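# Descriptive analysis of the structure
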Amino acid sequence: MEKVIIRLENVSKKYDKDYVIKNLSLDIYDGEFLTLLGPSGCGKTTVLRMISGLEAVTEGKIYLEGEDITDVSPIYRAVNTIFQNFALFPHMTVWDNINFGLKMKKVPVDIAQKRIKDAISLVKLDGYEKRYPSELSGGEQQRVAIARGIVMNHKVLLLDESLCSLDLKLKREMQVELKKLQKKLKMTFIYVTHDQDEALTMSDRIAIINNGTIEQLGSPREIYHHPKTLFTADFIGESNIFKAVVKKVSKDIAYVVTKEGLLLEVDNNEYQIDDKLTLIVRPENIQIVNKQSSNTYIGKIINYIYDGALAKMEVKFGDEKKALKVTLFDDKNYEDDSQVYFKIPKESITILGDNNE
Ligand SMILES: Nc1ncnc2c1ncn2[C@@H]1O[C@H](COP(=O)(O)OP(=O)(O)OP(=O)(O)O)[C@@H](O)[C@H]1O
Ligand SMILES: [Mg+2]
């Protein structure tokens, strides 16, 4: 059994009259990289600030290694936060910035010096000790902020949109470095982002936050391939979403008709005739095929784009009001307006129940 390092138990947060976090419970395991992912304003930063103690909870409890820290002041909580803007002291050198927390905690100088040296070499800033933040690039400042976070030797590091101000290339590099560092240090990272690619590539688990509650919690693969709600399916990756009604059932197969008039076979899960379902199909699961078979329809390709690795297109079908998003990995060229058979394999359809209007 994995060890729980942080437990949020029915945590709520109210500003004025409005709840921004509603009854949120979450166990975070020792050494994991957990990401809070969700749209702007959903409450991610608020959750981090409650864990760090910068914000009081309105209701509920927070535990660190089994100990109730709900009312413990932030300076006595063994967690560090790396803020979005890095919050480096401009008048202090790299060394002094990293030393700041150690000095406050009155860590003996010889121990502090060794820890700072180790942290600097971990984030690959050897030789930069005497520089000031204004003499560093964005990525280097980022690494100072990380060094300052890890030098305290706390078990948990909270990171709020830490990479969002970096350019795309540096961001990708830092994602890989940060993930490597986390594994090496065996620290627990609680990472906040609204960038789904970042969440998918870096996390052991992702908590999708919507409107102050956890919409879904799982590994990147679970979240991507088995979204449990329409919100998750829509927020992570691209999806084709169909509203459908069950028309006929056999032992293993349910026959449904979508709003657009597609007749599809789906796995039967004790459905009844007239059940309303929401079907989700990822663009890369739709196939272009040579001949008609089950779940195969004719359509017309529009907006074909080839980017060297993938071919992305839309396929209009039926009364041509709706187009499917399709992504192919093969290298065959299609012209816009060509007619194709597209197949929606039964196994690749994720089905949500009735309540997903
Ligand atoms: N001090 C405050 N007083 C009143 N409302 C606040 C306060 N801080 C945050 N909020 C509100 O709480 C909600 C959640 O804010 P929060 O900063 O946690 O969102 P977020 O998910 O981090 O968003 P973003 O991705 O934009 O950073 C928002 O609606 C915000 O307006
Ligand atoms: Mg935020």
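Residues numbered from 1 in each chain as written. Chains lettered and ligands numbered in written order. Predicted model: local features only at pLDDT ≥ 70, side-chain atom pairs only at ≥ 80, totals over all residues.

### Focus on the overall build of the protein
Test applied: Helix numbering and strand numbering both begin at the N terminus, where a helix is a DSSP run of H or I of at least 4 residues and a strand a DSSP run of E of at least 2. Any residue with 12 or fewer other C-beta atoms within 10 Å of its own C-beta is exposed, any with 20 or more is buried, and the rest are partly exposed; the C-beta atoms used are placed from the backbone. For the purpose of contact definition, each residue receives a C-beta atom placed from its backbone, and two residues are in contact when these atoms lie within 7 Å.
A count of helices and strands for the protein gives 8 helices and 20 strands. Viewed in the frame of its principal axes, the protein has a C-alpha envelope of about 75 × 45 × 40 Å. Each of the 357 residues in the protein was classed as buried or not, and the buried ones make up 32%. Relative to all contacts within the protein whose residues are 6 or more apart in sequence, the contacts with residues 24 or more apart total 64%.

### Concerning the pairing of strand E13 (residues 263-267)
Our working rule: DSSP calls a pair of strands paired once it identifies at least 2 bridges connecting them.
As judged from the 5 bridges shared by strand E12 (residues 253-258) and E13, these two strands associate in the antiparallel manner. Among the inter-strand pairings, Ala-254 is bridged to a residue of E13, identified as Val-266. Joining the antiparallel neighbours E12 and E13 is a turn of 4 residues, in which Gly-261 adopts a positive phi near 95 degrees.

### Quick notes on unusual backbone geometry
A positive phi angle is found at Lys-124, which is not glycine, with a value near 55 degrees. One can find Lys-124 in the loop between helix H3 (109-122) and helix H4 (138-150). By C-beta crowding, Lys-124 is classed as partly exposed, having 13 other C-beta atoms within 10 Å.

### Some points on H3
What counts, and what does not: Each helix should span, by expectation, one fewer than its residue count multiplied by 1.5 Å. To be clear, the arc concerns the directions from the helix axis to the C-beta atoms.
Here H3 is 14 residues long and its end C-alpha atoms lie 20 Å apart, about the 20 Å a rise of 1.5 Å per residue gives. When we look at burial in H3, the residues that qualify are Ile-116, Ala-119 and Ile-120. All buried residues of H3 project into a common sector of 100 degrees when viewed along the axis, lining one side. Of the exposed residues in H3, the ones pointing more than 90 degrees away from its buried face are Asp-110, Ile-111, Lys-114 and Ser-121. Those residues of H3 that are buried lie in contact with helix H2 (94-104) and H4. Once H3 finishes, Lys-124 follows within two positions and takes phi at roughly 55 degrees, a positive value.

### Some remarks on the site of ligand 1
Heads up, the rule is: Only the C-beta atom matters for this test: placed from the backbone, it must lie within 6 Å of a molecule or strand for the residue to be near it. Three classes are used: nonpolar for Ala, Val, Leu, Ile, Met, Phe, Trp, Tyr, Cys and Pro, charged for Asp, Glu, Lys and Arg, and polar for all others, with Gly counted as polar.
Near ligand 1 you find Tyr-15, Val-20, Gly-38, Ser-40, Gly-41, Cys-42, Gly-43, Lys-44, Thr-45, Thr-46 and His-194, and these make up its full shell. For the shell around ligand 1, the element with the highest residue contribution is helix H1 (residues 44-52), accounting for 3 residues. Here the residues of the shell around ligand 1 are counted per class, giving 3 nonpolar, 7 polar and 1 charged.

### Examining the packing of H2 against H4
To keep things clear, this is the line we draw: Orientation is described by lines fitted to C-alpha atoms, with helices fitted over the stretch in contact, and by angles between N-to-C directions that extend from 0 to 180 degrees. Working rule for angles: under 35 degrees goes down as roughly parallel, over 145 as roughly antiparallel, 65 to 115 as roughly perpendicular, anything else as oblique. A crossing counts as left-handed when the near helix is turned anticlockwise from the far one by less than a right angle, and as right-handed when that turn is clockwise.
Taken N-terminus to C-terminus, the directions of H2 and H4 make an angle of 30 degrees; their axes are 8 Å apart at the nearest point. One way to sum up the angle between H2 and H4 is to call them roughly parallel. Helix-helix and strand crossings are classified by hand; for H2 and H4 the assignment is right-handed. Contacts from Val-94, Asn-97, Ile-98, Phe-100 and Gly-101 in H2 reach Val-144, Ala-147 and Arg-148 in H4. Looking at the contact of H2 with H4 residue by residue, the classes come out as 5 nonpolar, 2 polar and 1 charged.

### Let's talk about the environment of Glu-65
With respect to the helices and strands, Glu-65 occurs in the loop between strand E4 (59-64) and strand E5 (67-68). Using a count of 14 C-beta atoms within 10 Å as the deciding quantity, one classes Glu-65 as partly exposed. The spatial distance from the C-alpha of Glu-65 to the C-alpha of Tyr-29 is 9.7 Å, given a sequence separation of 36 residues.

### Re the domain arrangement of the protein
The criterion, for reference: Domain extents, as shown, originate in an automatic or database domain assignment.
One can read the domain layout of the protein as domain 1 (4-235) and domain 2 (240-352). Once you take the C-alpha centre of each, domain 1 and domain 2 turn out to be 40 Å apart. Residue-level contacts link 5 residues of domain 1 with 5 residues of domain 2. For the side of domain 1 that touches domain 2, the class distribution of residues is 3 nonpolar, 2 polar and no charged.

### Some remarks on the sheet that holds E12
Taken together, 5 strands build an open sheet; the order of strands is E13-E12-E11-E14-E20 and the sheet is antiparallel. Looking at the sheet topology across the chains shown, the edges are occupied by E13 and strand E20 (350-352). In this sheet, neighbouring strand axes are inclined to one another by 45 degrees on average, regardless of whether the strands run parallel or antiparallel.

### Considerations on the sheet that holds strand E2 (residues 18-29)
In space, the 4 strands of this open sheet follow the order E2-E1-E4-E5, with antiparallel pairing throughout. Both outer strands of the open sheet, E2 and E5, are each paired with one neighbouring strand and no more. With 8 bridges joining them, strand E1 (residues 4-15) and E2 adopt antiparallel strand pairing. Of the residues in E2, the one forming a bridge with Lys-13 is Ile-21.

### Examining the nonpolar core
Operational definition: Core membership is restricted to buried Ala, Val, Leu, Ile, Met, Phe, Trp, Tyr and Cys residues, and these are joined into a nonpolar core through C-beta atoms within 7 Å.
Ranked by size, the top nonpolar core spans 56 residues in total, and within it Ile-51, Ile-98, Ala-119, Ala-147, Leu-157, Leu-158 and Ile-190 carry the most contacts. Among the elements that take part in this core, H4 stands out by supplying 5 residues, more than any other. The next biggest cluster of nonpolar side chains, apart from the first, holds 21 residues, and it includes Phe-242, Leu-277, Leu-279 and Ile-301.

### A few points about H2
Three or more residues of H2 are buried, namely Val-94, Asn-97, Ile-98, Asn-99 and Leu-102. In this structure, the buried side of H2 is in contact with H3 and H4. Residue Lys-106 follows H2 closely and has a positive phi angle near 55 degrees.

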